[in-house]
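Fold and contact review
Here's the letter readout for the chains.
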Amino acid sequence: MSQDVPTAPLPAELEAHLRLRRRNYLLCALGLTLSGATHPLTLGRLIPEVLAVHVAWSAVFIVLGVAVRARWVDSKTGSALAALVSLVALLLVIRFTGGLASPFFPGLYAVPLIIAVFTPGHRQPTLVACALTLVSLLLTCWWSRASPRDALAQVFSFVFIAWVSVYGGRTFRRLRDAEREADRERVEALQRLAESERLRAQAERNRAEMERLAVVGKLAAGVAHEVNNPLAYVKSNLGFLEEELREPAPDVEELRRVLEETQQGVQRIQQIVADLRRFSRDATDAEEHCAVEDAVAEADRLASVRLRSLGEVVRELAPGLPRVRISQRHLVQVLVNLLLNAADALETMEPRRPARIVVRSTREETGVRVDVEDNGPGIPDAVLPRLFEPFFTTKPPGKGTGLGLALCREYVARAGGTLVAENRPEGGARFTLRLPGVS
């Protein structure tokens, strides 16, 4: 496993670290001073050598605290010096208080454990502490004239403590490395999830754009016809105006009437172009609510370029409907899809009959209900359960993407509404939208 490269701490973090290190050194010096002053209570008598060792020990810690804070000595070197001085001082205290019989002797065993606790991320300090403590233990046995058997027993006991210290530090490092690896994998997983979500959102936008352009393609032929009609009318009227203006006394009222009709034809062309441009552009909606009447009117204008030759679209809209919680762009796309699907069904019906599509809206307790009904052949029972599945279509290749109704239901569901389909008892299909109102 590759080792992490340590990063340099920030200046503010370094200052806080140095202040903490100095405080720790000064607190240790205070504790050593108190320990030296109270050692007569532990030993039952005052030992000047022990007091001197504690005073010197405390002084060294004060100097180390000042040196580390002033950056004369780096933290790692300061820690090593503190550990070495503490081991020597403890060895001298044990020497002056009875060797193996000293009440401070068990503290020698704790040195590797203390070093392992305070430097768990590094193996070298613990190994050095174990080696120096073993030397100190052997010196203590020699000073105390311990028998080889007693010395060997002390060594075996210390080896166990040393093994616990080294193994504990190793276990900590493994746990730390495993935690770092888990954190790294978690971050990578979150990054992959974010990228996956970005790609999913992009695919969703592409899917919606593809379906919207497919609808525009369906309207293309009708748009050309719908534009040509008023364009031919405008052209004819302009020719008539040109001829009339050549007359010595043209009929002003007739000219005004023809000019108004020409303006209506131009406005019709402008309206068709504006509706198609607004419908086909890929833009984020500023408002997530709209008036049902406006959306129905726009959808009717867009679909009329296809439906005009098939039959009529009847609008039965209840007055005073509340605004609904869906953007007008999405509601228009839903209604245009439903109207064009009805047109497709009516075109394939045999025998042919004039189309009649009804768009009806009523007020409900929680919002607005919109029904789109037709007098076509209806929806086959085998198709009805799968009607809203993505990429499911009964149209021949090249005639449909299978995304229209799936996107319609998705848009409506995002707004907190529902879209369902059924067959009318008197024949034909009915699509029912229920949209929540805006409070």
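Overview of the structure. What you see is a predicted model; the values in this text were computed from it and never measured.

About the criteria used
- Residues numbered from 1 in each chain as written.
- Predicted model: local features only at pLDDT ≥ 70, side-chain atom pairs only at ≥ 80, totals over all residues.
- Heavy atoms only, no water.
- Pairing = 2+ DSSP bridges.
- Helix = DSSP H or I, 4+ residues; strand = E, 2+ residues; numbered from the N terminus.
- Axes fitted to C-alpha atoms, helices over the stretch in contact; angles between N-to-C directions.
- Contact = heavy atoms within 4.5 Å.
- Buried < 20%, exposed > 50% of the residue type's maximum accessible area, 1.4 Å probe, protein only.
- Polar contact = N/O pair within 3.5 Å; in protein donor to acceptor, adjacent residues only side chain to side chain.
- Parallel < 35°, antiparallel > 145°, perpendicular 65-115°, else oblique.
- Nonpolar A, V, L, I, M, F, W, Y, C, P; charged D, E, K, R; others polar.
- Phe/Tyr/Trp six-rings, centres within 6.5 Å; stacked < 30°, edge-to-face > 60°.

Details of the sheet that holds strand β3 (residues 367-374)
- Reading across the sheet, the 5 strands line up as β1-β2-β3-β5-β4 and stay open at both edges, with mixed pairing between neighbours. Every other strand in the sheet has two partners, leaving β1 (311-317) and β4 (418-423) as the edge strands with one partner each. On average, adjacent strands in this sheet sit at an angle of 15° to one another, irrespective of strand direction.
- Across the sheet, helix α10 (residues 328-347) touches β2 (355-363), β3 and β5 (429-436), and the angle it forms with β2 is around 150°.
- Sitting on the sheet, helix α11 (residues 404-414) touches β4 and β5, and the angle it makes with β4 is about 135°.

Details of the side chain of S86
- By the element assignment, S86 lies in helix α4 (residues 75-96).
- Look at S86 and you get buried, because its relative accessible area is 18%.
- Within the structure, S86 has its side chain in polar contact with the backbone oxygen of A82 (distance 2.7 Å).

Digging into the packing of helix α1 (residues 11-37) against α4
- Contact pair α1 / α4: the axes reach a minimum separation of 12 Å and the direction vectors enclose 10°. As judged from the angle between their axes, α1 and α4 are roughly parallel. Packed against α1, whose contacting residues are H17, L18, R21 and Y25, the element α4 presents S75, G78, S79 and A82 at the interface.
- By residue class, the composition of the contact of α1 with α4 is 3 nonpolar, 4 polar and 1 charged.

Focus on the packing of aromatic side chains
- Going through the model one piece at a time under the given rule, you end up with 6 aromatic pairs.
- Their ring planes at 90° and their centres at 5.6 Å tell us that F105 and Y109 sit as a pair that is edge-to-face.
- What makes Y109 buried here is its relative accessible area of 14%.
- Their ring planes at 15° and their centres at 5.2 Å tell us that W163 and Y167 sit as a pair that is stacked. Of this pair, W163 and Y167 both sit in helix α7 (residues 148-246), separated by 4 residues, roughly a single helical turn.
- Following the ring pairs from residue to residue traces out a cluster consisting of F105, Y109 and F158.

By themselves, these figures tell us nothing about what the structure is for.
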